[in-house]
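Given next are the chains, with one letter for each unit.
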Amino acid sequence: MTKPKIRPDARWARGTVFLKQAVSGLSAAFATQRLQLAAKAAVAAGVAFLIAPLMPGAAANYPYYAPLGALVAMYHNVAGSVKQGMQALAGLAMGIGLAFVLVNVTDPSPLAVALIMGIGVLLGGLPGIGKGSDWIPTAALLVLLVGGSNPDDFSFGYLLQMGVGVAVGIGVNFLIFPPLHFNAAAASLDDLRIALGKQLTDMGKALLEEWPPKHEDWSRRSDELSAAARSVRHLVKEADASRRANPRRKLHPRDVDLDYRNLRELERVTFHIQDITDVLSDVIYESDVPYGVPLQDNAPLADALKSAGDLLRSFSEDDPATQEEKLKEARTAVEACLAATAGRQPDQGMVPASESVLLSLHRILRAVRTAA
């Protein structure tokens, strides 16, 4: 088969189209959540500052740490608020303890500050401390430099007010519309199915065009599909985390385990579509590859790719009966292509790439069947 071998310059464009779509989708998904988080942070900080002067003893002299604690505990899901708040308090306690050790040994000095920072950062690497790692050197430095001649009162007030703020932040996040991120996860799964279906359809169209095809965007989407799959995994994990310790989960049940199963299958499908993309883009645009697609395979391969693409899109757009029909059509198209290529003798010195594409399509249909 005679064809010009021209590889499009894809460096500047790689990731732009699909990544912009992914970023746009993420921005839309989290815009409302960001507004809710900001509103709840404002409420929590105000409530914490309101009750801070009521704390006993010297703690009432440090009310400004309570809204800081509320802000520290504010996270976009309830379980994250609890985890982040507890880690911060653990880091504070460790930092205060470290400062007390140094206060009893030396006075504040450049050497003492350097020492407390170094040890604090070192302790921040302990496993399980998480977000609290930054608070170890911060708390130690504040006790050493701000606590002055009365580090006991300052440490007590600092830790108590931060604890009050963390408790208020967790309470506000739990009681005021605790977020569930199910919609973003479901939408991202649908978007990935549609994108994968479009990729298969576009490659089928390319096989029927005069080579090199006039449209070449499909040849640059391999990395974009990987980025999209990673974004979907992130959103499904966010949905899973958002239901933990969330009282609204009973009112809005969702099978997140099914989302994970669908995600794993789509990740497999993504891998095989990437393989097809790489094979066909090499065949069309590279001149030094030892494989190619025989001309007589173009039409049956195109039909198989288009049928598989229609199948993937059907899981987001059609009813189960239509999905089953699309699955049968895709199997028939792949089997017809297998029959058309079976027993054919390859050209001298040329390995037919059709077999690789068909193997990937077979694995895609098997993965889709499992998901269905």
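Reading the values: rules and limits
- Residues numbered from 1 in each chain as written.
- Predicted model: local features only at pLDDT ≥ 70, side-chain atom pairs only at ≥ 80, totals over all residues.
- Heavy atoms only, no water.
- UniProt positions renumbered as here; feature names shortened; annotations may be inferred.
- Helix = DSSP H or I, 4+ residues; strand = E, 2+ residues; numbered from the N terminus.
- Buried < 20%, exposed > 50% of the residue type's maximum accessible area, 1.4 Å probe, protein only.
- Contact = heavy atoms within 4.5 Å.
- Areas by Shrake-Rupley, 256 points an atom, 1.4 Å probe, with all protein chains shown as cover.
- Polar contact = N/O pair within 3.5 Å; in protein donor to acceptor, adjacent residues only side chain to side chain.
- Phe/Tyr/Trp six-rings, centres within 6.5 Å; stacked < 30°, edge-to-face > 60°.
- Lys NZ or Arg CZ within 6 Å of the ring centre and 35° of its normal.
- Patch = residues over 30% accessible without salt bridge, like charges linked within 9 Å, V, L, I, M, F, W, Y side chains within 5 Å.
- Salt bridge = Lys/Arg side-chain N within 4 Å of Asp/Glu carboxyl O.
- pLDDT = per-residue confidence, 0-100.
- Axes fitted to C-alpha atoms, helices over the stretch in contact; angles between N-to-C directions.
- Parallel < 35°, antiparallel > 145°, perpendicular 65-115°, else oblique.
- Nonpolar A, V, L, I, M, F, W, Y, C, P; charged D, E, K, R; others polar.
- Expected span 1.5 Å × (residues − 1).
- Left-handed = near helix turned anticlockwise from the far one by under 90°.
- Core = buried A, V, L, I, M, F, W, Y, C linked by side-chain atoms within 4.5 Å.

The annotation that UniProt attaches to the protein chain under Subcellular location (unreviewed entry) is "Cell membrane".

Student: Describe the overall build of the protein chain, and please don't skip the residues or the numbers.
Tutor: If you tally the helices and strands in the protein chain, you get 12 helices and 2 strands. Counting from the amino terminus, helix and strand elements in the protein chain follow one another as α-α-α-α-α-α-α-α-α-β-α-α-β-α. For the protein chain, with 372 residues in total, the buried portion stands at 47%. Restricting the contact set of the protein chain to residue pairs at least 6 apart, pairs at least 24 apart contribute 81%. With the model as given, the accessible surface of the protein chain reaches about 18,500 Å², and the carbon-plus-sulfur share is 60%.

Student: So what about the environment of Asp297? Which residues, and what values?
Tutor: Mapped onto the elements of the fold, Asp297 is located in the loop between strand E1 (291–292) and helix H10 (298–317). Assessed through its relative accessible area of 1%, Asp297 is described here as buried. Measuring from C-alpha to C-alpha, the distance between Asp297 and Ala353 comes to 9.7 Å, with 56 residues separating the pair along the chain. Among the polar contacts listed, one links the side chain of Asp297 to the side chain of Ser354, at a separation of 2.7 Å.

Student: Tell me what's going on with the packing of aromatic side chains, and back it up with residues and numbers.
Tutor: Enumeration according to the criterion identifies 7 aromatic pairs in this entry. Taking the centre distance of 4.9 Å and the plane angle of 55 degrees together, the rings of Tyr64 and Tyr65 count as tilted. Tyr65 sits in the buried class, given a relative accessible area of 9%. One residue, Arg248, lies across the ring of Phe177, its end atom 4.1 Å from the ring centre.

Student: Explain a nonpolar patch on the surface to me, and be specific about the residues and the numbers.
Tutor: Taken together, the side chains of Val43, Val47, Phe174, Leu175, Ile176 and Phe177 present a nonpolar region at the surface, about 530 Å² in accessible area. Elements represented by at least two residues in the nonpolar patch include exactly helix H1 (16–51) and helix H6 (151–175). Residue position: Phe177 is located in the loop between H6 and helix H7 (182–208). On the accessibility criterion, Phe177 (44% relative accessible area) is partly exposed.

Student: Go over the side chain of Thr277, please, and point to the residues and values.
Tutor: Take Thr277: it is sitting in helix H9 (residues 256–285). One polar contact links Thr277 to Gln199, side chain to side chain, over a distance of 2.9 Å. With near-sequence residues (within four places) excluded, Thr277 lies in contact with Gln199, Met203, Trp218 and Ser219.

Student: An account of the confidence of the model for the protein chain is needed here, citing residue identities and associated values.
Tutor: Residues at a pLDDT of 70 or more form 88% of the protein chain, whose mean pLDDT is 84. Note that pLDDT drops below 50 for residues 1–15; the model gives that stretch 33 contacts with residues more than four away or on any other chain.

Student: Can you lay out the packing of helix H3 (residues 78–103) against H6 for me, pointing to particular residues and giving the numbers?
Tutor: Between H3 and H6, the shortest axis-to-axis distance is 9 Å and the interhelical angle comes to 175 degrees. In terms of orientation, H3 and H6 fall into the roughly antiparallel class. Contact residues: H3 offers Val78, Ser81, Val82, Gly85, Met86, Leu89, Leu92, Ala93, Ile96, Phe100 and Val103, while H6 offers Pro151, Asp152, Ser155, Tyr158, Leu159, Met162, Gly163, Val166, Ile170, Asn173 and Phe174. Here the contact of H3 with H6 is composed, by residue class, of 16 nonpolar, 5 polar and 1 charged.

Student: Hey, could you go over H9 for me, with residue numbers and the actual values?
Tutor: With 30 residues, H9 extends 42 Å from end C-alpha to end C-alpha; this agrees with the ideal 44 Å at 1.5 Å per step. Residue Asp255 occupies the N-cap position of H9, its side-chain oxygen lying 3.2 Å from the main-chain nitrogen of Asp257.

Student: Explain the packing of helix H5 (residues 135–145) against H6 to me, using residue names and the numbers behind them.
Tutor: The geometry of H5 relative to H6 is characterised by a closest axis approach of 10 Å and an angle of 140 degrees between their N-to-C directions. Crossing angle aside, the handedness with which H5 passes H6 is right-handed. Here Trp135, Thr138, Ala139, Leu142 and Val143 of H5 come into contact with H6, specifically with Pro151, Phe154, Ser155, Tyr158 and Met162. Looking at side-chain class alone, the contact of H5 with H6 contains 8 nonpolar, 2 polar and no charged residues.

Student: Outline the UniProt feature "transmembrane region" (unreviewed entry) in the protein chain, supporting the account with residue identities and numerical values.
Tutor: In the UniProt entry, the feature "transmembrane region" (unreviewed entry) is given for residues 37–55, 85–103, 110–129 and 158–177. Across residues 37–55, the secondary structure splits into 79% helix and 0% strand, with the terminal C-alpha atoms separated by 27 Å. Along residues 85–103, the helical share is 100% and the strand share 0%, with 27 Å between the first and last C-alpha atoms.

Student: Please give an account of the nonpolar core that cites residues and values.
Tutor: Buried together is how nonpolar side chains tend to be arranged in soluble globular proteins. With 51 residues, the main nonpolar core has Leu200, Ile273, Ile276, Leu280, Leu305 and Leu361 as its most contacted residues. Per element, the largest residue contribution to this core is 12 residues, and it comes from H9. Look past the residues within four positions of Leu305 in its chain and what remains in contact with it is Leu200, Thr201, Met203, Gly204, Leu207, Ile276, Leu280, Val357 and Leu361. Judged by nonpolar contacts, the second largest core, of 23 residues, contains Ala99, Ile116, Trp135 and Ala140.

Student: Pulling in residues and values, what's your account of the pattern of salt bridges?
Tutor: Taken as a whole and judged by the stated rule, the model has 11 salt bridges. Two residues, Arg221 and Asp202, come together in a salt bridge whose shortest N-O distance is 2.8 Å. With Arg221 in the loop between H7 and helix H8 (222–242) and Asp202 in helix H7, this residue pair connects regions lying 19 residues apart in the sequence. Exposure remark for Arg221: the relative accessible area of 13% places this residue in the buried category. Residues Arg254 and Asp259 are paired through a salt bridge, measuring 2.8 Å at the closest nitrogen-oxygen approach. Each member of the salt-bridge network shares a partner with another, and the members are Lys198, Asp202 and Arg221.

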